[in-house]
Amino acid sequence: MMQQIGMLNAVPSKRLFLSIIADYDLNKSICELIDNSFDMWTRNQRSGSVNIAVTLDRHDNRIVVEDDAGGIEKDNLTFIVGPGQSGSDATDDTIGIFGVGTKRAVVALAKDVRITTRAPGGNTHQIMFDDKWIEHEDWSLPLFEVDELPQGVTRVELSRLRVGIGFEEEELLRDHLGSTYAKFLKLPEVVLTLNDEPIQPRFFDQWSYPPNFEPRRYHGHMRTPAGREIALEVLAGLSNESSPTTGEYGVYFYCNDRLVAPAMKTIEVGFMKGFAGPPHPKVSLTKVIVSIKGDAGEMPWNSSKSDISTNHHTFLALHKWLVKVVSDYARMSAVGGRVAGQGVSA
C-alpha cells in the first residue's frame, strides 16, 4: 500500500554554485561565456558579424567579456542565474543546452559579478551578485536600468577574482581559444580578441604520409534514436610529425563546430590491446578528427563541453566504426612512422 504523506521541497541550494569552483579553471570558464555569445549569434540566424572581446585586466584584477551578438531580452534575464534555465532548446544547432554553464563559470572566476545587456529596441539592464548573495537561499535579484550600451551588446564584468590572470595564463588561454573555436574563427564575420589581439585559429589537420597512406575523409548523415538527423564528417590520417611528447595524436571531437575533446587516447576510442593498442610512440602519428553537427541535444558532450560523454547514444552509435578507423590508422602509424621521411605533406 502506498499513501502520500506530504511534499518535499526540491529547490536547489545555492551551495551548488560553490561546489563547482574547483572544477572550473580560467580556460573552461571563459569558454562558457564565449559559448553564450556564439549561441546568441546562432539563434539570431548568424545575421551580420559577431565581435567578442575578452579582457584580462591585471592592474585592476578583473575580467571583462563583451559581445555584440544580440543582447538578452528582459524576460530572459533569469537564464543568467537560474540553474537549468537556458535560452537554447535541444533542437537548436547551438553549443549551450544544459543551462548551467554561465552560472558555474562566473562564480568560479570571481566573487563579484556584474552583467549588463541591451537587446535591440530595448533598454539597458543590469544585474549584480556576489558571495553574500550566494550565502543566502533567496534567489531573487534586483534588476536595474542603467546608462545605455549599444543595441545588441552584452558585457560580463568579473572582479575580486578567484583565478590568476598573469602572462602565462593569458598565453595558455590564447592557445586554448584558438583551438576551441578554430572553425568559428575561419569565418570572416567572426572576430574574437584577447586583450585587443585577434585570436588565430589553430587546426590539427596537417598530414604527412608515404604512398598509399594518404588521409581519408568520411562523411554522411546519421539518424539518432530520437529520430533526429545529424551530419557527420571524419578525417583520418597520419600526422605530419610524431607527437609522443606533446600528446597531440589521437581522436579529436568537434560538436557544432566547437572543439570539445582534443587528442583522446582512451579505450573508448580504441586505444587498447587488440585494437589500436595502448598509447605508445609507435602509434603517435595517428590522428582522427570527428565533426558532428545537428541538434544540441544529440551532441555527445558533457555538461561543461570539456569532454565527450562516451555513454551518450550518439557516441555509442559511432563507437564500433570509430574504433575500427582508429585501429586501422594506428597500424598504419606503426608502419608509416618508419618511412615518414619518404612521405608527402598535405
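Analysis parameters
- Residues numbered from 1 in each chain as written.
- Predicted model: local features only at pLDDT ≥ 70, side-chain atom pairs only at ≥ 80, totals over all residues.
- Heavy atoms only, no water.
- Helix = DSSP H or I, 4+ residues; strand = E, 2+ residues; numbered from the N terminus.
- Areas by Shrake-Rupley, 256 points an atom, 1.4 Å probe, with all protein chains shown as cover.
- Pairing = 2+ DSSP bridges.
- Phe/Tyr/Trp six-rings, centres within 6.5 Å; stacked < 30°, edge-to-face > 60°.
- Buried < 20%, exposed > 50% of the residue type's maximum accessible area, 1.4 Å probe, protein only.
- Salt bridge = Lys/Arg side-chain N within 4 Å of Asp/Glu carboxyl O.
- Contact = heavy atoms within 4.5 Å.
- Axes fitted to C-alpha atoms, helices over the stretch in contact; angles between N-to-C directions.
- Polar contact = N/O pair within 3.5 Å; in protein donor to acceptor, adjacent residues only side chain to side chain.
- Expected span 1.5 Å × (residues − 1).
- Core = buried A, V, L, I, M, F, W, Y, C linked by side-chain atoms within 4.5 Å.

Colleague: Before we go on, may I ask you to explain the overall build of the protein chain in this structure?
Modeller: Summing up its helical and strand segments, the protein chain has 7 helices and 15 strands in all. Counting only carbon and sulfur atoms, one obtains 51% of the accessible surface of the protein chain, whose full area is about 17,100 Å².

Colleague: What exactly am I supposed to notice about the pairing of strand β3 (residues 110-118) here?
Modeller: Looking along a regular strand, one sees the side chains alternate between the two faces of the sheet. With 7 bridges joining them, β3 and strand β6 (residues 154-161) adopt antiparallel strand pairing. The partner of V113 across the bridge, within β6, is L158. Pairing of β3 with strand β4 (residues 124-130) involves 7 bridges; the strand directions are antiparallel. Looking across to β4, one finds that T117 is bridged to H125. The turn linking β3 back onto β4 is made up of 5 residues, and G121 within it adopts a positive phi angle of 80 degrees.

Colleague: What is the right way to read the packing of aromatic side chains from this model?
Modeller: Two measures describe an aromatic ring pair: the distance that separates the ring centres and the angle between the ring planes. With the rule as written, the count across this model stands at 9 aromatic pairs. Measuring from ring centre to ring centre gives 5.1 Å for F129 and W133, while their planes differ by 50 degrees; the resulting arrangement is tilted. Neither F129 nor W133 differs from the other in exposure class; each is buried. These aromatic residues form a ring-pair network of at least three members: F38, W41, Y181 and F184.

Colleague: What is the right way to read the environment of A226 from this model?
Modeller: Mapped onto the fold, A226 is located in the loop between β10 (216-223) and β11 (229-238). Assessed through its relative accessible area of 49%, A226 is described here as partly exposed.

Colleague: Would you explain the pattern of salt bridges in this entry?
Modeller: The full count for this structure, using the stated rule, is 22 salt bridges. In this structure, a network of salt bridges that share partners links the residues R58, E170, E171, R174 and E197.

Colleague: Mind showing me how you'd approach the sheet that holds strand β8 (residues 197-198) here?
Modeller: Where strands meet in a sheet, backbone hydrogen bonds hold them as pairs that are either parallel or antiparallel. Read from one edge to the other, the open sheet built from 8 strands follows the order β5-β4-β3-β6-β2-β1-β7-β8, with strand pairing classed as mixed. Whereas interior strands pair on both sides, the edge strands pair on one side only; in this sheet they are β5 (144-145) and β8. As paired elements, strand β1 (residues 50-57) and strand β7 (residues 190-194) share 5 bridges and run parallel to each other. Bridge pairing in β7 links N51 to V191. Along the sheet, helix α2 (residues 26-43) makes contact with β1, β2 (62-67), β6 and β7, crossing β1 at roughly 155 degrees. Helix-sheet contacts for helix α5 (residues 167-180) involve β1, β7 and β8, and the interaxial angle to β7 is about 165 degrees.

Colleague: Got a minute to help me understand the sheet that holds strand β13 (residues 258-264) in this structure?
Modeller: Ordered in space as β10-β11-β14-β12-β13, the 5 strands form an open sheet in which the pairing is mixed. Every other strand in the sheet has two partners, leaving β10 and β13 as the edge strands with one partner each. Averaged over neighbouring strand pairs, the angle between their axes works out to 15 degrees when direction is ignored. The pairing of β11 with strand β14 (residues 286-293) spans 8 bridges and is antiparallel. From the neighbouring strand, G237 faces β14, where its bridge partner is K287.

Colleague: How should the side chain of T154 be read in this particular structure?
Modeller: Here T154 is to be found in strand β6. Reaching out from T154, the side chain makes a polar contact with the side chain of T117 at a distance of 2.8 Å. What T154 contacts, discounting residues up to four positions off in sequence, is V65, E66, D67, G71, I72, I115, T116 and T117.

Colleague: Can you help me understand unusual backbone geometry in this one?
Modeller: For residues besides glycine, phi is generally negative; the peptide bonds are generally trans as well. Phi angles above zero are rare outside glycine, and A263 is one such case at about 55 degrees. Its location among the elements puts A263 in strand β13. Phi at K305 is positive, roughly 55 degrees, even though this residue is not glycine. When its relative accessible area of 5% is taken as the criterion, K305 is described as buried.

Colleague: Got a minute to help me understand the environment of V113 in this structure?
Modeller: Mapping V113 onto the fold places it in strand β3. Remark: the alpha-carbon pair of V113 and I63, spanning 50 residues in sequence, is separated by 9.9 Å.

Colleague: Where do I start with α2 in this structure?
Modeller: Note: α-helices contain 3.6 residues per turn, so residues at a spacing of three or four share the same orientation. Along its 18 residues, α2 runs 26 Å from first to last C-alpha, staying within 8% of the 26 Å computed at 1.5 Å per residue. In terms of burial, α2 is largely enclosed, as 15 of its 18 residues are buried. By the N-cap criterion, in which a side-chain oxygen at the helix start approaches the backbone nitrogen of a residue two or three places on, α2 is capped by D25, the distance to N27 being 3.4 Å. Looking one or two residues past α2, Q45 carries a phi angle of roughly 65 degrees, positive in sign.

Colleague: How do you make sense of the nonpolar core when you look at a structure like this?
Modeller: Generally speaking, a soluble globular protein has its nonpolar side chains buried in company with each other. Ranked by internal contacts, the top residues of the largest apolar core, which has 88 residues, are I30, F38, I63, L158 and F253. The residues touching I30, leaving out its near neighbours within four places in the chain, are V54, I63, V65, L109, L173 and L177.

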